[in-house]
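# Summary of the model geometry
Chain by chain, the residues run as shown.
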Amino acid sequence: MSDYIIITDSSCDLPDSLVKELELEVLPLSFIMDGKTYRNYPDNREMAPEEFYNKEKEGIMATTNAVNVGEASDAIEAVLKQGKDVLVLGFSSGLSTTYNSFKIAAEELAEKYPERKVYAVDTLCASLGQGMLVYQAAKLRQQGKSIEEVRDWAEQNKLRQCHWFTVNDLFFLKKGGRVSAATAVVGTMLQIKPVMHVDNEGHLIKVDTARGRKASLNALVDKVGELGEDPASQTMFISNSDCLEDAQYVADEIKKRYGTKEIIINSIGPVIGAHTGPGCVALFFTGKHR
């Protein structure tokens, strides 16, 4: 039995079944929609993704809240009180203050519990990119790797977690300041789809554009050939915001082109979906670099 627990937050978008299988602790982030605050649990107990995206399509926008130090401290201390050590793998500091809250809480609790080990890693990842790093770390934990070995592995490999995604509607990226209003209007008229990724600082970056939805999905698949490391043998992840058929298309193309056998598909949760809107497909795989 491992003497430490991996804690992450719900922006990792991992399926609840995997959270349970890997014995993870997932701190739910919160979002506000129609004047009400909800928690984003892996089992979607407070709002299902389908309901969330239907509301967005109706024009009801969501705002999100990062984890604060108190919430982070409570989650970590609950594990420490069980006599277990803690490894936190947090949401990219380039996109949220959640990791910083974890870091502060970890440092304070390390002083309060000097007999315990408490480490925090800034994954510089988001959505199932973060989930993929957590998944790989949890597999190492199951293999008997020590907390220090898994922490060091995560630090050494987090910038090999490739994040590539595209959206169908530029409005949400405009709302978040990722593209200009003019770009959104012209891009929508001409069916221009952005191809974006998360860079080494954990920020969302627009890299390319594609003409039409199918071309943008194929552009994601192309990135596996450009950057992927032994794609046939790795487990890849695809997240989507209410466009499962498009996610399945990407998965099928990857299997056909590269012989990849295992691809895990899940919904983008409300915390990430508030910024992407419906129609986002995101592909995550291990590469030589991002």
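Placed above this text is the structure.
The paragraphs below set out a description of the structure included in this document. Computed from a prediction, not measured in an experiment: that's the story for all the values here.

Quick notes on the rules
Residues numbered from 1 in each chain as written. Predicted model: local features only at pLDDT ≥ 70, side-chain atom pairs only at ≥ 80, totals over all residues. Heavy atoms only, no water. Salt bridge = Lys/Arg side-chain N within 4 Å of Asp/Glu carboxyl O. Helix = DSSP H or I, 4+ residues; strand = E, 2+ residues; numbered from the N terminus. Buried < 20%, exposed > 50% of the residue type's maximum accessible area, 1.4 Å probe, protein only. Pairing = 2+ DSSP bridges. Axes fitted to C-alpha atoms, helices over the stretch in contact; angles between N-to-C directions. Right-handed = clockwise from strand over helix to strand, strands pointing away.

### A closer look at the pattern of salt bridges
By the definition in use, this model includes 17 salt bridges. Lys112 is the salt-bridge partner of Glu77, the closest N and O atoms lying 2.8 Å from each other. Residue Glu77 is found in helix H3 (residues 69-80), and its partner Lys112 is found in helix H4 (residues 98-112); the two are separated by 35 residues along the sequence. Overall, Glu77 belongs to the buried group, its relative accessible area being 12%. Overall, Lys112 belongs to the exposed group, its relative accessible area being 53%.

### Structural notes on the sheet that holds strand S12 (residues 262-267)
Taken in spatial order, the six strands make up an open sheet running S10-S9-S8-S13-S11-S12, and their pairing is mixed. Each edge of the open sheet carries a strand with a single partner, namely strand S10 (204-211) and S12. Ignoring which end each strand starts from, the neighbouring axes of this sheet average 20 degrees apart. Bridge analysis of strand S11 (residues 235-240) against S12 gives six bridges, and the strand direction is parallel. Pairing of Ile238 across the sheet is with Ile265, part of S12.

### Some remarks on the pairing of strand S6 (residues 85-90)
Within S6, six of the six residues are buried, which leaves it mostly tucked inside the rest of the structure. What you see with S6 is no split at all: Asp85, Leu87 and Leu89 on one side and Val86, Val88 and Gly90 on the other are buried throughout. Summarising the sheet, strand S1 (residues 4-9) and S6 pair through four bridges and their orientation is parallel. In the strand pairing of S6, Ile6 is matched with Leu87. Pairing geometry for S6 and strand S7 (residues 118-122), over five bridges, is parallel. When the bridges of S7 are listed, Leu87 appears paired with Tyr119. Taking the sense of rotation as the criterion, the β-α-β connection linking S6, H4 and S7 turns out right-handed.

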